[in-house]
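One-letter residues, chain by chain:
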Amino acid sequence: MELNKEKLEILKQSINKIESTFIADSFLINLIRVNEDVEIWIIKSINAKFIATSTSYIYNDDDDNILFCSLRVEEKYRNSKIATKMINFHLELAKLLNRNSYLTASEGSWMQGWYERLGYKEVTDADYEAKEGYIWMSKNI
Ligand SMILES: CC(C)(COP(=O)(O)OP(=O)(O)OC[C@H]1O[C@@H](n2cnc3c(N)ncnc32)[C@H](O)[C@@H]1OP(=O)(O)O)[C@@H](O)C(=O)NCCC(=O)NCCS
């Protein structure tokens, strides 16, 4: 998903609001401020049913990073590059905010390989332990 100049400007302004929703390339982008943190939900729906979601978290106490999680595409719609569009949107957001992106991946899974192809590397000195069987990965912007 590519954000044109106009959408990027909306996004930039939205970060400071309590809540904002807009459409980009058939995805619904919903920003919600929760206390001092910001959650950005990317949702794709078909016939009023959610078929794909992901969330980017911007934490107030971390100026350097943005977290990508809760990525899921309904089975029927997989392998059509929907997740690719969603993570690309997240990476544009990271670039816009000048933050590195980080996420967890199931160790040794094809998802880890996919994230590596996108430029993510394993983080070995993370502040928090990832859940069992998972590793932290990050991509410098
Ligand atoms: C992970 C998930 C979101 C991928 O969604 P998707 O829309 O099918 O992914 P895309 O079509 O954009 O494909 C992304 C890449 O993964 C590869 N890929 C997709 N499904 C794959 C599979 N089952 N096995 C191996 N590679 C696969 C694609 O070839 C593509 O690689 P490329 O860009 O190098 O060509 C989806 O499989 C899913 O929801 N899984 C269950 C939830 C989950 O595990 N979430 C991830 C948490 S880390």
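Structure report, in brief. (Residues numbered from 1 in each chain as written. Predicted model: local features only at pLDDT ≥ 70, side-chain atom pairs only at ≥ 80, totals over all residues.)

Moving on, we come to the site of the ligand. Around the ligand, the surrounding shell holds 16 residues, and the nearest of these are Arg78, Ile82, Ala83, Thr84 and Trp110. Elements with a minimum of two residues in the shell around the ligand: β5 (65–73), α2 (82–97), β6 (100–106) and α3 (110–117). By residue class, the composition of the shell around the ligand is eight nonpolar, four polar and four charged. (Near = placed C-beta within 6 Å. Helix = DSSP H or I, 4+ residues; strand = E, 2+ residues; numbered from the N terminus. Nonpolar A, V, L, I, M, F, W, Y, C, P; charged D, E, K, R; others polar.)

Ranked by internal contacts, the top residues of the largest apolar core, which has 26 residues, are Ile29, Ile40, Ile42, Ile66, Leu93, Leu103 and Met137. Those elements that provide at least two residues to this core are β2 (27–34), β3 (37–46), β4 (49–58), β5, α2, β6 and β8 (134–139). The greatest single-element share of this core, amounting to six residues, is contributed by α2. With sequence-adjacent residues up to four places away left out, Ile40 is seen in contact with Ile29, Leu31, Thr55, Ser56 and Leu93. (Core = buried A, V, L, I, M, F, W, Y, C linked by C-beta atoms within 7 Å. Buried ≥ 20, exposed ≤ 12 C-beta atoms within 10 Å, placed from the backbone. Contact = placed C-beta atoms within 7 Å.)

Moving on, we get to the sheet that holds strand β1 (residues 19–24). Read across the sheet, eight strands follow the order β1-β2-β3-β4-β5-β6-β8-β7 without closing on themselves; strand pairing throughout is mixed. Two strands close off the open sheet at either side, each with one partner strand: β1 and β7 (121–122). The sheet contact formed by β3 and β4 spans nine bridges and is antiparallel. Bridged to Ile46 within β4 is Lys49. Seen against the sheet, α2 touches β3, β4, β5 and β6 and runs at an angle of roughly 165° to β5. Docked against the sheet, α3 engages β6 and β8, running at close to 160° with respect to β6. (Pairing = 2+ DSSP bridges. Axes fitted to C-alpha atoms, helices over the stretch in contact; angles between N-to-C directions.)

Moving on: α2. Taking 1.5 Å per residue as the helical rise, α2 with its 16 residues ought to reach 22 Å, and the 23 Å between its terminal C-alpha atoms agrees with that figure. Inspection of α2 places Lys85, Met86, Ile87, Phe89, His90, Leu93, Ala94 and Leu97 among the buried residues, and these make up the whole buried set. (Expected span 1.5 Å × (residues − 1).)

The phi angle at Asp25 is positive, at roughly 50°, despite the residue not being glycine. Here Asp25 lies in the loop between β1 and β2. Owing to 13 C-beta atoms within 10 Å, Asp25 belongs among the partly exposed residues under this scheme.

Bridge count for β4 against β5 is five bridges, and the pairing is antiparallel. Across the sheet, residue Tyr57 finds its bridge partner in β5, namely Leu67. A loop of six residues connects β4 with β5, the two strands running antiparallel in sequence. Where β5 lies against β6, three bridges are found, and the strand directions are parallel. Across the sheet, the residue bridging to Ile66 is Ser101, located in β6. Of the crossover connections in this fold, the one passing from β5 over α2 to the parallel β6 is right-handed. (Right-handed = clockwise from strand over helix to strand, strands pointing away.)

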